[in-house]
Amino acid sequence: MTIQWFPGHMTRAKRQIEEKLKLIDVVIELLDARIPQSSRNPMIDEITSSKPRLILLNKADLADGDMTAEWSKYFRDKGHATLAIDANSGTGVKDIAGKAKELLQEKIQRQIDKGMKPRPVRALIVGIPNVGKSTLINRIAGRNIAITGDRPGVTKGQQWIKSGGELELLDTPGILWPRFEDPIAGFRLAATGAIKEDLLHIDEVACFVLRDLVKHYGPVLAERYGLTDLPAELADMQAAIDVLEQIGRRRGCLSGGGHVDFDKAAGILLRELRAGKLGRMTLEAPDEVGDTPGTKSTE
Ligand code: G4P
């Protein structure tokens, strides 16, 4: 899904989610486990502050398990419930209702104390485009439902998707804009396929992501592409260009005159990264939050 976000769209998206918050108990914030910070909407805390939040680290099948554990701790320390899932295969999805209930334990206990039967937890899924909202809703619904973005006059036609008597989900997710004002997040979003790479130069995206890959997974990268003399970190853009050139030569991405076709080399690297061919990888760590302009936590 490609959405062009303009100030008017952002204001409308924010307002639509605020309207839906009146109907629900818990916000389910979906993030990409490979880029948990870059895939967060920058205003999420402000927009959803009135409700407890369950953070789902989706696409955990493609992310580094140790890093996912670190990110889960990071969000738990901020007072949110967390769960790593893979909406495609369904791993972790059955635990969502239990986690959501944990957030409302006191409220549920009060209902029980009053002799009331607790009703299912009502939730809204929110997240940026391509993070897996529709996949997750379909999985919980157990069928394919046409999921569309909100149109004016929204909430009227909304349905509740019921899951096991414990969870009820609004069938239309809250779609929020990504953190594109931060260039680093922009490159990471493009590298994982969350935003169209043709909005940026593919060779630039590849060089940028190479900095993350070398920093966190140098030996894996060296092994896959037969790279020699790979430093522990890439000091600057030129160092990244040199690595991309080596990858291009190794993979036979040559244009006339024996020069490396950088776009082709970048395409191979990004395709293999997204498909998980390099292994399970996470591009950012919790201790980097706040390192760069625009990535500061708002909490
Ligand atoms: P959205 O509603 O938030 O916009 O996202 P959507 O569910 O459409 O998912 C976007 C892409 O992410 C889909 O790929 C979907 O299969 C994939 N996806 C969702 N959850 C997971 C997950 O847990 N693991 C993995 N590996 N992939 C997941 P797609 O339709 O094939 O799009 P594309 O791959 O062609 O971009």
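Computed from a predicted model, the values in this text were never measured in an experiment. All residue numbers here refer to positions counted from 1 along the written sequence of the relevant chain. Predicted model: local features are reported for residues with pLDDT of at least 70 only, side-chain atom pairs are reported and counted for 80 or more only, and whole-chain, interface and lining totals are derived from all residues. Each side-chain value is worked out from all heavy atoms of the structure, with water and hydrogens disregarded.

> Where do I start with the domain arrangement of the protein chain in this structure?
Often the size quoted for an interface is simply the accessible area lost on bringing the parts together. What fixes the domain bounds is an automatic or database domain assignment. Taken domain by domain, the protein chain comprises domain 1 (7-175) and domain 2 (183-288). One C-alpha centre belongs to domain 1, the other to domain 2, and the line joining them spans 32 Å. Across the boundary between the two partners, domain 1 contributes 21 residues, which contact 19 residues of domain 2. Looking only at domain 1, the three residues that lose the most surface to domain 2 are Arg-34, Ile-35 and Ser-38, adding up to 36% of its buried area. Any Lys or Arg side-chain nitrogen found within 4 Å of a carboxyl oxygen on Asp or Glu counts as a salt bridge. At the junction of domain 1 and domain 2, the tally comes to 0 salt bridges. Under this definition, polar contacts are N or O atom pairs within 3.5 Å; protein pairs additionally need one hydrogen-donor-capable and one acceptor-capable atom, and for neighbouring residues in sequence, both atoms have to be side-chain atoms. At the junction of domain 1 and domain 2, the tally comes to 11 residue pairs in polar contact (both at pLDDT 80 or more). Whether two residues are in contact is decided by their heavy atoms, any of which lying within 4.5 Å being enough. Two parts lose some accessible area (1.4 Å probe) when they are put together, and adding that loss for both gives the buried area.

> Help me out: how do you make sense of the pairing of strand S6 (residues 167-170) in this one?
Sheet faces and side chains relate simply in a regular strand, where the side chains alternate between the two faces. To sort residues, take the accessible area from a 1.4 Å probe on protein chains only and compare it with the maximum for the residue type: under 20% means buried, over 50% means exposed, and anything in between is partly exposed. In this text, helices come from DSSP runs of H or I with a minimum length of four residues, and strands from runs of E with a minimum of two, each type numbered from the N-terminal end. Across the two faces of S6 the burial is the same, with Leu-167 and Leu-169 and Glu-168 and Leu-170 all buried. As defined by bridge partners, strand S4 (residues 121-127) adjoins S6 across 3 bridges and the pair is classed as parallel. Residue pairing across strands places Arg-122 opposite Glu-168, the latter belonging to S6. Where strand S5 (residues 160-163) lies against S6, 4 bridges are found, and the strand directions are antiparallel. Following the sheet pairing, Trp-160 is matched in S6 by Leu-170. Strand pairing follows a simple DSSP-based rule, namely that at least 2 bridges must link the two strands. The antiparallel pairing of S5 with S6 creates a hairpin that spans 3 residues between the two strands, and Gly-164 there sits at a positive phi of about 60°.

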